[in-house]
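Listed here are the chains, written in short residue letters.
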Amino acid sequence: MRVFICGFGTVGQGFCEVLAARRQFLIDRYGEPVTVVGAMDSKTYAYNPNGFDPLELVSVKQGTGRVGTETYQDSVEVLSGAEFDILVEVSPTDVKTGGAGLRNIEYALGNGKDVITVNKGPLALKFRHLIDLAESNGCCLRFEGSVGGAMPIINLCRDNLAGERIESIRGIFNGTCNFILSKMDTGQPFEQVLKEAQQMGYAETDPTNDIEGYDSACKVVILANAVFGRDVTFNDVRITGITSITEDAISLAASHNMVIRLIGEVSESKLEVGPRLVPRGHPLGISGTLNTAQILSDLAGPVTVTGRGAGRIETASAILSDLISIMDERARRR
Ligand code: HSE
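Residues numbered from 1 in each chain as written. Predicted model: local features only at pLDDT ≥ 70, side-chain atom pairs only at ≥ 80, totals over all residues. Heavy atoms only, no water.

Draft legend 1. Here's a closer look at the overall build of the protein chain. Of regular secondary structure, the protein chain possesses 13 helices and 13 strands. Relative to the compact-globule value of 20 Å for 334 residues, the protein chain shows a C-alpha radius of gyration of 20 Å, a close match. Here the protein chain, with 334 residues, has 54% of them falling under the buried criterion. When contacts within the protein chain are restricted to residue pairs at least 6 apart in sequence, long-range pairs at least 24 apart make up 70% of them. Working note: accessible area of the protein chain is about 14,400 Å², and carbon and sulfur atoms make up 47% of it. On the protein chain, the mean spot of the 32 positive side-chain charges and the mean spot of the 41 negative ones are 2 Å from each other. (Helix = DSSP H or I, 4+ residues; strand = E, 2+ residues; numbered from the N terminus. Rg over C-alpha atoms; globule rule 2.2 N^0.38 Å. Buried < 20%, exposed > 50% of the residue type's maximum accessible area, 1.4 Å probe, protein only. Contact = heavy atoms within 4.5 Å. Areas by Shrake-Rupley, 256 points an atom, 1.4 Å probe, with all protein chains shown as cover. Lys, Arg positive; Asp, Glu negative; His and termini not counted. Charge placed at Lys NZ, Arg CZ, Asp CG, Glu CD.)

Draft legend 2. Main features of the pairing of strand 6 (residues 114-117). Side chains Asp-114 and Ile-116 of strand 6 all project onto a buried face; the interleaved residues Val-115 and Thr-117 project onto the opposite face, where all are buried too. Relative to strand 6, strand 5 (residues 86-89) is paired through four bridges, and the arrangement is parallel. In the sheet register, Glu-89 faces strand 6, and the bridge partner there is Thr-117. Taken together, strand 5, helix 5 (residues 99-110) and strand 6 constitute a β-α-β crossover, and its handedness is right-handed. Direction of pairing for strand 6 relative to strand 7 (residues 141-142): parallel, over a ladder of two bridges. Note that in strand 7 the partner of Ile-116 across the bridge is Arg-142. Running through helix 6 (residues 120-136), the crossover from strand 6 to the neighbouring parallel element strand 7 is right-handed. (Pairing = 2+ DSSP bridges. Right-handed = clockwise from strand over helix to strand, strands pointing away.)

Draft legend 3. Summary view of the pattern of salt bridges. Summed over all chains, the structure comprises 19 salt bridges. Among the salt bridges present, the one from Asp-215 reaches Lys-219, with a minimum N-O distance of 2.6 Å. Of this pair, Asp-215 and Lys-219 both sit in helix 11 (residues 214-228), four residues apart, which is roughly one turn of the helix. The partner of Arg-308 in a salt bridge is Glu-314, and the shortest N-O contact between them spans 3.1 Å. Overlapping salt bridges, with partners in common, bring together Arg-170, Glu-265, Lys-270, Glu-272 and Arg-276 in one network. (Salt bridge = Lys/Arg side-chain N within 4 Å of Asp/Glu carboxyl O.)

Draft legend 4. Structural detail: the side chain of Arg-230. Mapped onto the elements of the fold, Arg-230 is located in the loop between helix 11 and strand 9 (238-239). Although Arg-230 is buried, it makes no salt bridge; Glu-268 carries the closest opposite charge, 5.4 Å away. Of note is the side chain of Arg-230, whose polar atom sits 3.0 Å from the backbone oxygen of Lys-270. If near-sequence neighbours (up to four positions away) are discounted, Arg-230 is found in contact with Arg-128, Ala-224, Asn-225, Ser-267, Glu-268, Ser-269, Lys-270 and Leu-271. (Polar contact = N/O pair within 3.5 Å; in protein donor to acceptor, adjacent residues only side chain to side chain.)

Draft legend 5. Layout of the sheet that holds strand 4 (residues 70-71). Judged by pairing direction, the sheet is mixed, and its seven strands sit side by side in the order 4-3-2-1-5-6-7 without closing on themselves. Strands with a single pairing partner mark the edges of an open sheet, and in this sheet they are strand 4 and strand 7. Strand direction decides the pairing type here: strand 1 (residues 2-6) and strand 2 (residues 35-40), joined by five bridges, are parallel. The residue bridging Ile-5 from the neighbouring strand is Ala-39, located in strand 2. Most of the contacts of helix 1 (residues 10-21) go to strand 1, to which it runs at about 155°, and overall it touches strand 1, strand 2 and strand 5. Packing against the sheet, helix 13 (residues 312-333) makes contact with strand 5, strand 6 and strand 7, and its axis sits at approximately 160° to strand 6. (Axes fitted to C-alpha atoms, helices over the stretch in contact; angles between N-to-C directions.)

Draft legend 6. Representation of the site of the ligand in the model. Around the ligand lies a shell formed by Lys-120, Asn-174, Gly-175, Thr-176, Tyr-202, Glu-204, Asp-210, Asp-215, Lys-219, Gly-309 and Ala-310. The separation between an oxygen atom of the ligand and a polar side-chain atom of Lys-120 is 2.8 Å. When isolated, the ligand has an accessible area of 260 Å², and the protein chains bury 91% of it. Sorting the residues of the shell around the ligand by element identifies helix 8 (175-184) and helix 11 as the ones contributing at least two each. (Near = heavy atom within 4 Å.)

Draft legend 7. Spotlight on the domain arrangement of the protein chain. Each domain of the protein chain was delimited in the assignment, giving domain 1 (2-150 + 313-333) and domain 2 (154-308). The interface is formed by 20 residues belonging to domain 1 together with 23 residues belonging to domain 2. Approximately 1,700 Å² of surface area, both sides summed, lies buried where domain 1 meets domain 2, with 59% of it carried by carbon and sulfur atoms. Connecting domain 1 to domain 2 are two salt bridges. For the pair domain 1 and domain 2, the number of links is eight residue pairs in polar contact (both at pLDDT 80 or more). Residue assignment for the side of domain 1 that touches domain 2 shows that the elements contributing at least two residues are helix 6 and helix 13. Its residues assigned to classes, the side of domain 1 that touches domain 2 comprises eight nonpolar, six polar and six charged. (Domains from an automatic or database assignment. Buried area = accessible area lost by both parts, 1.4 Å probe. Nonpolar A, V, L, I, M, F, W, Y, C, P; charged D, E, K, R; others polar.)

Printed below as a string of structure tokens:
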């Protein structure tokens, strides 16, 4: 199985490390290796139809700042000159236009390649179009890591809860905001904690996307479309971020044994992100950088999942789970 990785930052490199760690597992399960034939960062690319040692790609990137020696202007031109089976699209997200990630995904699906992505912009803007493109070309589009990183939610709803009527999902979908709010619970000021979150590498390149709730909104849109079969985009979400939450508001909540958390809510009729009061000790009142989601369905009742919403290896673990799902699907079709 030949993989091309678009985006060679933290997640692209983490995926190479995970592939190296699971190399033998994949050979044992499918009787063939998963080979990285190409990788692209924002300026350069490397392509070899015989494949690369994924750890070598990581070490080249870390040593030189570039993944390849060839430069490019148009990522789609690079992809169209390469032979591969699965595109792993993990380039930086653009929630305004979908950016190069959207074009890369469109190219791959339009040409019969399966796609795994954690790139939220294209999914939050053009979900239905991309799903239709995948279906009409007989390909898979998987995006487990785009919501909640390592926390299983999309495949959990699609597979394990397939027979349920899911009524709502409420959750914490942004680790940066949760980190900030839970540090504010202990009296630390907003600006100082935001800097700390950036240093930890948790915040988006532009942290406005985190603190204004845009990142959570993308995830809520993806859930609405993927789990509830809705046809909504980023612009349909009612969004309030956390920038106007004062230390006084946090203290007032604490005096009533509550905390303030940025909660995303989605159902057949709801699509919201905003600060909410949560009783201390409630599953949605967690602290730190974790993500959590409470899925309410008719037969199972509430099911709560919690996990790491970002991180090099953690997000790559979700990509691995999508890769396995695609390879299982291909094996079934054979
Ligand atoms: N900036 C995001 C967060 C990363 O803080 O949760 C994962 O999308």
